[in-house]
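Here are the chains, one letter per residue:
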Amino acid sequence: MKKYDALEECYLRLLSIDPNSAVYNCNLGVAYSEKNQLDKAIDCYKKALVINPSHANAYSNMGFALKCQNKVFEAMKCYMKAIELNPKYIQAHYNLGILYKDTMQIKESLDCYKKVIELNPQHPQIYFALAISLLLGRNFEAGWKAYENRINVQEIDKIMSLFLKPRWNGESLEGKNIYVLPEQGFGDITQFSRFLPYLKKLGAKRVFFKSPPEMISLFEESKLLGVEIIAADAENTLDFDYYIPLLSLPYYLKINEYNIPFTDKYLRVNNRKINKYKKKFFNNEQYKIGIFWQGSKTYVGDTQRSLALKYFYPLFSCDNVAIYSIQKGLGSEQLDELPDEYKIVNLGKECNDFSDTAAAIENLDLVISVDSSVAHLAAALGKEVWIIISEIPE
């Protein structure tokens, strides 16, 4: 932030010397935008365009600021104008493609991305963005292929190069050992773990999966058809022939909407633990609803995902219903604001890992959750789940 304070001061001084500089006004707008002072930023871009109506950068930068204010269609017009002024404006094509994707105009989104690739095949984000639009458009073959360009894969490949073992690219696994590495968030790991048993069906002798510590008990209790769950410190002694990142499995397994394995239950939990939670929290005849409202704020799209607890308040007026909070950590503080007449059982403070959470969920009749690891976990356990999801899903 100090950097942009200095930048603001610099351009204010320059504008005191030359107030009719479109470049200075535009760059001052960038400083304000980076400080999240979006109205000030837009005013600067408008001043720049009064001075120079052909300033493509000002239109593009204003598009970004408007997008940050959720003024999507105004932002699109700005990007279109920037492209009209400069047809080779790569970032404007890219940003317009993102907005088309966000409004589910998939064909138009793909057209923008193809133009970016034509202008710069090495654009660092383009193939990931392309993958998301292709998958949203249900072009799974091309979408999973493009998804192989995600940053996670590049980072994993760099780390695994130290082991001098090849990445699995779909070769025969007959009699081979394969090591699958986790990536991304707990929700991604939960839903993509359904593909691990597939590798045994392809003839793999042994399938190793490195689980995050919080999920080890859950995966061990689930007994995923011969998959061996290992901790991070065990990988140096593993005997494997190939490795692969977890989220690459759908590409090499040729997964589409018709052949997704385990469309019902594929994770399980210890019955003794389920009964322990039942005796402590669920020994009643009411309809039991678990709620989860706040995902991790580190996720870039969290503002389009998480909700405030207050939006669940109408549930408390339902007859013969018991409400349970599955929220843990961030978001739990909102329980302190719950009106006294609303009764809720706080399960989050009782759960130390995903196995505990799964045991609690097994005692519920329904889970209502934002798009989160809890929603994916409940679905993997075969529970009825209502997912509160953005109009434009991931």
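Quick notes on the rules
Throughout, a residue's number is its position along its own chain's written sequence, starting from 1. The model is predicted, so local features are restricted to residues of pLDDT at least 70 and side-chain atom pairs to those at 80 or more, both for listing and for counting; the totals for chains, interfaces and linings are taken over all residues. By convention in this description, side-chain values take in all heavy atoms of the structure and omit both hydrogens and water. The secondary structure listing takes helices from DSSP runs of H or I that are at least 4 residues long and strands from runs of E that are at least 2 residues long, numbered from the N terminus. An expected span of 1.5 Å times one less than the residue number is assigned to each helix. Contacts were defined at the residue level, with two residues in contact if any of their heavy atoms lie within 4.5 Å. Any residue under 20% of the maximum accessible area for its type is buried, any over 50% is exposed, and the rest in between are partly exposed; the area is computed with a 1.4 Å probe on protein chains only. Strands were regarded as paired on the criterion that DSSP finds at least two bridges between them. Under this scheme, a helix contributes an axis fitted over its contacting stretch, all axes are lines through C-alpha atoms, and angles between N-to-C directions fall in the 0 to 180 degree range. Salt bridges are defined by distance alone: a side-chain nitrogen of Lys or Arg within 4 Å of a carboxyl oxygen of Asp or Glu.

Regarding helix H2 (residues 22-34)
Taking 1.5 Å of rise per residue, 13 residues should cover 18 Å, and H2 covers 19 Å from first to last C-alpha, within 8% of that figure. Phi for Asn36, located one or two positions after H2, is positive at around 65°.

Looking at the environment of Asp353
Inspection of the secondary structure puts Asp353 in the loop between strand E7 (345-346) and helix H16 (354-361). Sequence separation between Asp353 and Ile216 is 137 residues; the distance between their C-alpha atoms is 8.7 Å. Every residue in contact with Asp353, bar those within four places of it in the chain, is listed here: Glu214 and Ser217.

So, the pairing of strand E1 (residues 177-181)
Counting buried residues along E1, 5 of its 5 residues qualify, which places the element largely inside the surrounding structure. Side chains Asn177, Tyr179 and Leu181 project from E1 onto one buried face, and the interleaved Ile178 and Val180 project onto a second face that is buried too. Of the pairings in the sheet, the one linking E1 to strand E2 (residues 206-210) comprises 4 bridges and is parallel in character. Among the inter-strand pairings, Tyr179 is bridged to a residue of E2, identified as Phe208. Sheet topology note: the E1/strand E4 (residues 242-245) ladder contains 4 bridges and is parallel. Opposite Tyr179, over in E4, you have Tyr243 as the bridge partner.

Some thoughts on the sheet that holds strand E6 (residues 321-325)
Backbone hydrogen bonds hold the strands of a sheet together, and the pairing may be parallel or antiparallel. With parallel pairing, 5 strands are arranged side by side in an open sheet as E7-E6-E5-E8-E9. Pairing within the sheet leaves two strands with one partner each, and these edge strands are E7 and strand E9 (385-388). Strand direction decides the pairing type here: strand E8 (residues 366-370) and E9, joined by 4 bridges, are parallel. Looking at E9, one finds that Ile368 is bridged to Trp386. In the packing of helix H17 (residues 373-380) onto the sheet, the strands contacted are strand E5 (287-292), E8 and E9, and the crossing angle to E8 comes to about 150°.

A few points about unusual backbone geometry
Not every positive phi belongs to a glycine, and Leu164 is a case in point at roughly 55°. You can see Leu164 is positioned in the loop between helix H10 (151-160) and E1. Owing to a relative accessible area of 77%, Leu164 belongs among the exposed residues under this scheme. In this structure, Lys223 is a non-glycine residue whose phi angle is positive, near 50°. When you line up the elements, Lys223 lands in the loop between helix H13 (216-222) and strand E3 (227-230).

Side note on the pattern of salt bridges
Inspection of every chain in the model, using the stated rule, returns 18 salt bridges. Salt-bridge contacts for Lys35 lead to Asp5; the nearest nitrogen and oxygen are separated by 2.7 Å. In this pair, Lys35 sits in the loop between H2 and helix H3 (38-51) while Asp5 sits in helix H1 (residues 2-17), placing the two residues 30 residues apart along the sequence. For Lys35, a relative accessible area of 15% gives the class buried. Classification of Asp5 as partly exposed rests on a relative accessible area of 35%. For Lys273, the salt bridge goes to Asp356, with nearest N and O atoms at 3.2 Å. Here Asp356 lies in helix H16 and Lys273 lies in helix H15 (residues 271-281), a separation of 83 residues in the sequence. For Asp356, a relative accessible area of 10% corresponds to the buried category.

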